[in-house]
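Notes for the structure review
Here is what each chain is made of, one letter per residue.
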Amino acid sequence: MRTLSIVNNSRRSSYRRSSDFLDGDLDSSECGTGGAMLPYFLRDLRKNEGKDFVEVTLEIDDDSIVVCDVTPTSGENSPGKDAFSGILDRSMSITSRIRRKFPWLRTSSAQSSSSVTGAEDPTISARDARKIKAKLDRTRSGAQRALKGLRFISKTTESVEADQLWQRVESRFDMLAKEGLLSRDDFAECIGMVDSKEFAAGIFDALARRRRQKIERVTKEEFYDFWLQISDQSFDARLQIFFDMVDSNVDGRITREEVQELIVLSASANKLSKLKEQAEEYATLIMEELDPENLGYIELWQLEALLLERDNYMKYSRPLSTVSGGWSQNIGLKPKNMVRRICCAMRCVIQENWQKAWIIFLWVVAMAALFAWKFIQYKNRASFQVMGYCLTTAKGAAETLKLNMALILLPVCRNTLTWLRSTRARLFVPFDDNINFHRVIAFAIAVGIIVHAGNHLACDFPRLISSSPKEFDLVSSDFNNVRPTYKALLTGVEGMTGIAMVVLMTISFTLATRRFRNNLVMLPPPFNRLTGFNAFWYSHHLFALVYLLLLIHGYYMFLVHQWYQRTTWMYISIPLLLYLSERTLRAFRSEFFSVKILKVSVLPGRVLSLIMSKPNGFRYRSGQYIFLQCPTISPFEWHPFSITSAPGDDHISVHIRTIGDWTEELKRVYTEGPNSPTVIGRARFSELGRDDHKGLPRLLVDGPYGAPAQDYRNYDVLLLVGLGIGATPFISILRDMLNNIKMAEDRTDWNSETSRSDDSLNSCTSNNTSNSKRKSIRTTNAHFYWVTREPGSFEWFKGVMNEVSEMDQKGVIEMHNYLTSVYEEGDARSTLLTMVQALNHAKHGVDIVSGTRVRTHFARPNWKEVFGRIASKHPYATVYSTAECLA
């Protein structure tokens, strides 16, 4: 027999635990729950004041733990004879306390008696057997992850960092304390749990109960003791605090009501109101799992077992949503050699940006060539002798402005771009960056205006009017032999049109900036109308006047007399006609594509779902978007929205987040009318409303238009990342994939039936089917990640997620929901919710947050692990990754 003495002399704890184990039992793998947890259970038996110790001798068998003896220890610091006698007298008292606290422990006499009589309680025996055979092997990878969890402070610190952290906490204590005492209400702010005051109050009460006190305020010394306990990095210490929070009556047992109370507390800290309403149901679920004997309580070892076995519960659910914890694997994707790593990084950068790079390079070269050409042309003219390099620079900038005023129209010709996306041009032209290129050109136009107008107004005009008669004679024929004044130059046709264009483009560019467009600039009335999408939309239409002024300005330009030298119209005529043709086509097509409203759903998170009839001839691809116009609200405003229905559906659906005045008005128009087909709740595409709603405002549709996600069929594996309402285009892709899977299965079944009836027909049909399948099943897997801040967001596509789980029997699609408003897994405030989630998913296959079979993870995804796992799972596949983040 050997003695194990567990002594903790750190300042974080003042407890000493001493236990005896039979040789071989301590390190044996057969040591079950009792053996693993016993030293921890004994830590409360006596508070160490540095004076007296006891030695508890136990015998651990396969199905029992026997208390053999409790004796005082002897050693170098052992007490004197009188004190020794006192300790010996208290040994029997301690033995009694052990048996009262842990009724499953037995003495050797009790063991002998029970073996003779065989009258042991079967309920307690089953509980003992389950506890001893629990095998809490803390070396497992899943257990190791769990042991790192249950944190009460957000940052794990080493000894040096812990001192620095305490200094910050101490400064907050000094600021919040009144008369040297910190109140219970300020405890949350002091330890850094500002958003979880109720949860922090529960920690405060648990730590106060440890001191056998019921207090509302603490001194700095008491608070420091509290801080040492909650910042203790020992899993056992953190677990005991968590247990004490639940064990409000300090009896070492947790009842269903106490579990329910902590679930409510955790749900409140994470702002999950739905879970608070179902707290009783989940508390019952925990008790049913941990208390099968129906004793009405659970103990610390059972709570630990649930925490450490969380990953095992996850294994019961189908791989519709693989648990993120199982991805923590070291995948050696990066080469160790530094040169190879640099080469690999450069290759990735080139592969990702080569399309944009050559387009930008070609554009810059074209501008430089035009600038140089015009610069050299005017340098060789007589006017250079009068106005010098000011003139050549202004004319060079003017030539680049002509080019850019033509190019800026091309990225917004949506119909043309949609057609080009379906051609081979998509292989070398980055059509997905059309709006970014539009903005880059706009910036170049702004620079060109500054250079062109600045040189005219500040340099060559002053030099012209102040030139000598001899110098002016060189250019007098260009000004009708009359020396112009500065005012005449500004008030002439060239000057007035130029100034007007500068003013209009300044207004348009300013209101198109992110802060004005997203209504981030706060202006007093009535100037607040200059912010928001409407201001951006209407101000952009000022460019119709700008292009008209540009043609006039280019015709009456200085120092040019021949028509073929007035090249402005040559630059902009074709792009302008193309753009005007597209706008005309939009006007006619929108009248033709008038739709009927089938169903309107008001969803949580201020989202409006519209299901419309599908016009004849309206064809689209998953991932594309449409423009909607409601003439009742505005006959001019068109707003883009991603399509959430699949191309094979007989209707069109969109999900609209109501965050602007137009969307708010759209919601009011279609939900508050007497004939409104409104449904409060989630939209399920198979449940359409009536299609004969009379008296509803008209809704016009323009599109569809191309988007980055529409080419998903060209890739083997999809990685779809949606942020908030940005998940809308990917819902259409998922539904389209399911429709394709179903069609492929139907064709396979039809071919099988045909082969049994006609072999020759089977040969022809199989060839056609094979060709068809090669076109449609290039995409074999999809990984969908939906990251959102609001729990109610999962209601938007709840029906769609259920349909995916029901129809996708082969596991082609993996769906992963991430809720960032909940504290990350491992935080004490979300630990119980994580356990409830794992247990409920294992028992019922339903997630407690989304209410679907798709499991919800807490906090943000670890993208490094996500990319590594997908790369290892599909090593030779072409993976297409796309993300959408919409307001």
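Just so it is clear, the structure is predicted and the values come from calculations on it, not from any experiment.

Topic: the overall build of the protein chain
Regarding its fold elements, the protein chain presents 32 helices and 20 strands. Residues classed as buried in the protein chain amount to 48% of the 887 residues present. Relative to all contacts within the protein chain whose residues are 6 or more apart in sequence, the contacts with residues 24 or more apart total 73%. Counting every atom, the protein chain has about 44,200 Å² of accessible surface; 55% of that belongs to carbon and sulfur.

A word on helix α18 (residues 414-421)
Side chains three or four residues apart in an α-helix point the same way, a direct result of the helix having 3.6 residues per turn. Along α18, the residues classified as buried are N415, L417, T418 and R421. Projected down its long axis, α18 shows its buried positions confined to an angular sector of 165 degrees, all on one face. Elements in contact with the buried residues of α18: α19 (434-465), α26 (568-592) and β15 (699-705).

Describing unusual backbone geometry
The amide bond that connects G703 to the next residue, P704, takes the cis arrangement and shows omega of 5 degrees. Mapped onto the secondary structure, P704 falls in strand β15. At N294, a residue that is not glycine, the phi angle is positive and equals roughly 60 degrees. If you trace the backbone, N294 turns up in the loop between α13 (279-290) and α14 (300-308). The exposure class of N294 is exposed, given its relative accessible area of 66%. Non-glycine residue R606 carries a positive phi angle of around 60 degrees. Structurally, R606 can be placed in the loop between β9 (597-603) and β10 (607-613).

With respect to α19
Taking 1.5 Å of rise per residue, the 32 residues of α19 would be expected to cover 46 Å, and the 44 Å separating its terminal C-alpha atoms lies within 8% of that figure. Of all the bends in α19, the greatest, near 40 degrees, is centred on H456.

Structural notes on the packing of aromatic side chains
One pass over the full model with this rule turns up 30 aromatic pairs. Where F187 meets F204, the ring centres are 5.3 Å apart and the plane angle is 70 degrees; that geometry is what we call edge-to-face. Of this pair, F187 sits in helix α7 (residues 187-191) while F204 sits in helix α8 (residues 197-210); the two residues are 17 residues apart in sequence, bridging distant segments of the chain. Looking at F187, the relative accessible area reads 1%, which means it is buried. Counting every residue linked through ring pairs, the aromatic cluster contains W166, F173, F187, F204, F223, Y224 and F226. For R253, the ring lying beneath its charged end belongs to Y297, and the centroid distance is 4.1 Å. The ring centre of F627 lies 4.8 Å from the NZ or CZ of R586, which sits over that ring.

Things to note about the pairing of strand β17 (residues 781-788)
Buried residues dominate β17, accounting for eight of its eight residues. Sheet topology places strand β16 (residues 717-723) next to β17; seven bridges connect them, and they run parallel. Residue pairing for β17: L719 is matched across the bridge by H783. One ladder, built from seven bridges, connects β17 with strand β18 (residues 813-819); its direction is parallel. The residue bridging V787 from the neighbouring strand is Y818, located in β18.

Let's talk about the packing of α19 against helix α22 (residues 493-511)
Between α19 and α22, whose axes approach to 12 Å, the crossing angle comes to 145 degrees. As α19 runs across α22, the sense of the crossing is left-handed. Here A442, I445, A446 and I449 of α19 come into contact with α22, specifically with V502, M505 and F509.

So, the side chain of T852
Along the chain, T852 falls in the loop between α31 (828-844) and β19 (856-858). Only 3.2 Å separates the side chain of T852 from the backbone nitrogen of V854, close enough to count as a polar contact. Excluding its chain neighbours within four sequence positions, the residues that come into contact with T852 are K798, M801, N802, G845, V846 and D847.

Comments concerning the state of the cysteines
Taken as a whole and judged by the stated rule, the model has one disulfide. Bridging C390 to C459, the disulfide has an S-S length of 1.4 Å. Of this pair, C390 sits in helix α17 (residues 383-407) while C459 sits in helix α19; the two residues are 69 residues apart in sequence, bridging distant segments of the chain. Across this residue pair, the class does not change: C390 and C459 are buried.

Considerations on the pattern of salt bridges
Summed over the entire model, instances satisfying the criterion amount to 20 salt bridges. For D244, the salt bridge goes to R210, with nearest N and O atoms at 2.8 Å. Remark: R210 occurs in helix α8 and D244 occurs in helix α10 (residues 235-246); sequence separation between them is 34 residues. The salt bridge involving E257 is made with R256; its shortest N-O contact spans 3.2 Å. What makes E257 partly exposed here is its relative accessible area of 47%. Of the residues examined, R256 reaches a relative accessible area of 23% and is grouped as partly exposed. Each member of the salt-bridge network shares a partner with another, and the members are E170, D174 and K220.

Reading guide: rules and limits
- Residues numbered from 1 in each chain as written.
- Predicted model: local features only at pLDDT ≥ 70, side-chain atom pairs only at ≥ 80, totals over all residues.
- Heavy atoms only, no water.
- Helix = DSSP H or I, 4+ residues; strand = E, 2+ residues; numbered from the N terminus.
- Buried < 20%, exposed > 50% of the residue type's maximum accessible area, 1.4 Å probe, protein only.
- Contact = heavy atoms within 4.5 Å.
- Areas by Shrake-Rupley, 256 points an atom, 1.4 Å probe, with all protein chains shown as cover.
- Arc of directions from axis to C-beta.
- Expected span 1.5 Å × (residues − 1).
- Bend = angle between axes of the 7 residues up to and from the residue.
- Phe/Tyr/Trp six-rings, centres within 6.5 Å; stacked < 30°, edge-to-face > 60°.
- Lys NZ or Arg CZ within 6 Å of the ring centre and 35° of its normal.
- Pairing = 2+ DSSP bridges.
- Axes fitted to C-alpha atoms, helices over the stretch in contact; angles between N-to-C directions.
- Left-handed = near helix turned anticlockwise from the far one by under 90°.
- Polar contact = N/O pair within 3.5 Å; in protein donor to acceptor, adjacent residues only side chain to side chain.
- Disulfide = S-S within 2.5 Å.
- Salt bridge = Lys/Arg side-chain N within 4 Å of Asp/Glu carboxyl O.

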